[in-house]
2 protein chains.
Amino acid sequence: MANNTRRTQRGEASLSRESIIDASIGLLDANGEAGLTFRALSERLGTGAGAIYWHIANKDDLLDAACDAVVAQTMAKAAGSAGPPREAIRAIGLGLFDAIDAHPWVGAQLARAPARMPMVRILEGIGSRVAAMGLSGNALWLGGSALLHYILGVAAQNAANRAFAQARGLVREDYLGTIGAEWSRLDPDAYPFTRSIAAQLCEHDDSADFVTGIDLILDGIAARQAGRA
Amino acid sequence: MANNTRRTQRGEASLSRESIIDASIGLLDANGEAGLTFRALSERLGTGAGAIYWHIANKDDLLDAACDAVVAQTMAKAAGSAGPPREAIRAIGLGLFDAIDAHPWVGAQLARAPARMPMVRILEGIGSRVAAMGLSGNALWLGGSALLHYILGVAAQNAANRAFAQARGLVREDYLGTIGAEWSRLDPDAYPFTRSIAAQLCEHDDSADFVTGIDLILDGIAARQAGRA
DNA sequence: ACCTGAACACCGTTCAAGT
DNA sequence: ACCTGAACACCGTTCAAGT
């Protein structure tokens, strides 16, 4: 409502790419990906639907720009925390984890737009730290891309979980409880493992588990380094 | 054209959930996710759009069922190859990699539908092998979910790459060449790492790198096991 | 140069009506 | 029980017309 004011008000900047992206982020945060439409956006900006196309190419461009705005800010914050490479990589991972917690649609967009700017920012932050660990050549490539893919995988899954829960109006506990109950009803002969971990589903700490996964990969990288030395 | 025949022909089974899923897979393979619409599907099946809703709940259900059909077949094949757990996990990973190569939309769907049947099949295949490596309790949970998230991350990224190239009619070399050229034009001060690996982008072997990532995580798991023993 | 807003070509989904 | 197909309520995008 408060944001619904006309931009013809005094002091109000005219329609710009930046203001469009800001409004898009607001809509995405409030109502998920379904909340971002050109009609809702033009209403919020107090303009016509077609005016937006003067500043952005299409909806893909808009989603990518919104995602990049969030990722750029997250990476700038994580890059500020100096320290040993391993700590820096953990900080980047946690920063992205929190960002996706606050903006679930970012995780979905990262999975959809490969090799675009948001991913490059993450790749640069991680890769430069892996290089600082003393890796180079093919080992550097392999270590960096394994970490990147793991982080993007968690990001996408977390985003999907959040979006699913949000669309059905469930809180985390209810959502995980529902999944756990479904898993418990699986055929014991075909799915013994999944049934056995159904109970753990509600108790685990997403964020801590995520960092442990990063540590596992870093341990694997270190083991190869030691073996080669 | 050949599939456009009416199902009132003699011997033709009546409309069923299975035939709808088969036709959906055909449309998805041919034209990507944009190719699956209820109009295209009903035309291909020689029926009305509304008839499909008698057999499936909605488009989400349809996409999930199509994804599950592909994943179920892939996992059944990978599960057949016995051997040490590490080999079995590699086989599952490679099987999924090939399946997503053939059906890029499967990777996108895996990223979107968390904790549904397709993911459970993968989780069961991997988790049971990690358990066979001697892990249990929290270590089992952490190892299994790290591997799962890594595999899903690669799956989603590969799917996005393929979909992007397919939508623009590019072959792999052209696509990677375009990305590499973009990366080479990045600001040298802000993106030294990404620029340094731009050249490697065209030469690397997706599939081999993917398996190496699995090995890195397995090495990390083994290192923790050794440290604890 | 920038904006308007009606119009276009689509979607997924529903539902009264048929068999 | 299963199918038809028109209708509904949306989309993203375009474009002649305005300022």
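Quick summary incoming for the structure in this document. Every chain is numbered on its own, with residues counted from 1 as its sequence reads. All chains are assigned letters beginning at A, and all ligands numbers beginning at 1, according to the order in which they are written. For a predicted model such as this one, the threshold for reporting local features is a pLDDT of at least 70, and the threshold for listing and counting side-chain atom pairs is 80 or more; totals across whole chains, interfaces and linings nevertheless cover every residue. Heavy atoms throughout the structure, all of them, feed into the side-chain values; hydrogens and water do not.

## Overview of the overall build of chain A
Secondary structure elements follow DSSP: runs of H or I no shorter than four residues count as helices, runs of E no shorter than two count as strands, and numbering proceeds from the N terminus. What chain A contains, in helices and strands, is 10 helices and 0 strands. Reading chain A from its N end, one meets helices and strands in the order α-α-α-α-α-α-α-α-α-α. In terms of its C-alpha atoms, chain A occupies a principal-axis envelope of roughly 65 × 50 × 25 Å. Burial classes follow relative accessibility: with a 1.4 Å probe on protein chains only, a residue under 20% of its type's maximum area counts as buried, one over 50% as exposed, and anything between as partly exposed. With 229 residues in all, chain A has 49% of them scored as buried. In this description, contact between two residues means that some pair of their heavy atoms is separated by no more than 4.5 Å. Within chain A, counting contacts between residues at least 6 apart in sequence, those at least 24 apart form 69% of the total. Summed over its atoms, the accessible surface of chain A is roughly 10,500 Å², and 53% of this surface lies on carbon and sulfur atoms. Under the counting rule used here, the positive set is Lys and Arg, the negative set is Asp and Glu, and His together with the chain ends is not counted. By convention, charge coordinates are those of NZ in Lys, CZ in Arg, CG in Asp, or CD in Glu. In chain A, 21 side chains carry a positive charge and 25 a negative one; their mean positions are 5 Å apart. Under the convention used here, a 1.4 Å probe and the Shrake-Rupley method define accessible areas, while residue burial counts only the protein chains that appear.

## Some points on the protein's contact with DNA strand D
Here a residue is considered near a molecule or strand provided that any single heavy atom belonging to it is located within 4 Å of it. Around DNA strand D, the structure places 16 residues, and the nearest of them are A:Tyr53, A:Lys59, B:Thr47, B:Gly48 and B:His55. The contact atoms of DNA strand D, taken as those within 4 Å of the protein, divide so that sugar and phosphate hold 55%. Counted as a polar contact is a pair of N or O atoms within 3.5 Å, where, for protein atoms, one must be capable of donating a hydrogen and the other of accepting one, and residues adjacent in sequence contribute only when both atoms are in side chains. Contacts to DNA strand D include B:Gly48, whose backbone N or O atom sits 2.8 Å from a phosphate oxygen. A distance of 3.5 Å separates a base oxygen of DNA strand D from a polar backbone atom of B:Gly50.

## Re the protein's contact with DNA strand C
The full set close to DNA strand C counts 17 residues, and A:Thr47, A:Gly48, A:His55, B:Tyr53 and B:Lys59 are the nearest of them. A breakdown of the atoms of DNA strand C within 4 Å of the protein gives sugar and phosphate a share of 56%. Between a base oxygen of DNA strand C and a main-chain N or O atom of A:Gly50, the distance comes to 3.5 Å. Between DNA strand C and the protein, one listed contact pairs a phosphate oxygen with a backbone N or O atom of B:Phe38 at 3.1 Å. In this classification, the charged set is Asp, Glu, Lys and Arg, the nonpolar set is Ala, Val, Leu, Ile, Met, Phe, Trp, Tyr, Cys and Pro, and all remaining amino acids, among them Gly, are polar. Grouping the constituent residues of the surface near DNA strand C by class yields 7 nonpolar, 7 polar and 3 charged.

## What about the interface of chain A and chain B?
The accessible area lost on association of the parts is a frequent measure of interface size. Each partner contributes residues to the interface: chain A has 52 residues there, and chain B has 52 residues. A combined buried area of about 4,700 Å² lies between chain A and chain B, and 69% of that area is made up of carbon and sulfur atoms. Whenever a carboxyl oxygen of Asp or Glu lies within 4 Å of a side-chain nitrogen of Lys or Arg, that contact is scored as a salt bridge. Our count for the chain A to chain B interface comes out at 2 salt bridges. As a salt-bridge pair, A:Asp219 and B:Arg224 come within 3.1 Å of each other at their nearest N and O atoms. Here chain A is connected to chain B by 12 residue pairs in polar contact (both at pLDDT 80 or more). Among the elements that line the side of chain A that touches chain B, the one with the most residues is helix H7 (residues 137-167) of chain A, at 16 residues. Put simply, buried area is the surface a 1.4 Å probe can reach on two separate parts but cannot reach once they are joined, added for both.

## Some details on the relation of the copies chain A and chain B
Between chain A and chain B, the superposition needs a rotation of 180° and an axial shift of 0.0 Å, giving an RMSD of 0.0 Å. Interpreted geometrically, this transformation is the action of a two-fold axis. Fitting of the copies onto one another was done by least squares over C-alpha atoms, counting residues only where both copies have pLDDT of at least 70.

## Notes on the pattern of salt bridges
This structure, assessed with the given rule, holds 22 salt bridges over all chains. Close ionic contact of A:Glu33 with A:Arg112 constitutes a salt bridge, the shortest N to O distance being 2.8 Å. Of this pair, A:Glu33 sits in the loop between helix H1 (17-31) and helix H2 (38-45) while A:Arg112 sits in helix H5 (residues 104-112), and the two are 79 residues apart along the sequence. A salt bridge links A:Arg121 to A:Asp68; the shortest N-O distance between them is 2.8 Å. Taken together, the residues span a long stretch of sequence, with A:Arg121 in helix H6 (residues 117-132) and A:Asp68 in helix H3 (residues 59-80) at a distance of 53 residues. Look at A:Arg121 and you get partly exposed, because its relative accessible area is 23%. A cluster of three or more residues bridged by salt bridges with shared partners is formed by A:Arg86, A:Glu87, A:Arg90, A:Asp215, A:Asp219 and B:Arg224.

## Points about the nonpolar core
Ranked by size, the top nonpolar core spans 136 residues in total, and within it A:Trp183 and B:Trp183 carry the most contacts. Not counting residues within four places of it along the chain, the set of residues in contact with B:Trp183 comprises A:Ala115, A:Met119, A:Val120, A:Leu123, B:Thr194, B:Arg195, B:Ile197, B:Ala198 and B:Leu201. By nonpolar core is meant a set of buried Ala, Val, Leu, Ile, Met, Phe, Trp, Tyr and Cys residues that side-chain atoms within 4.5 Å join together.

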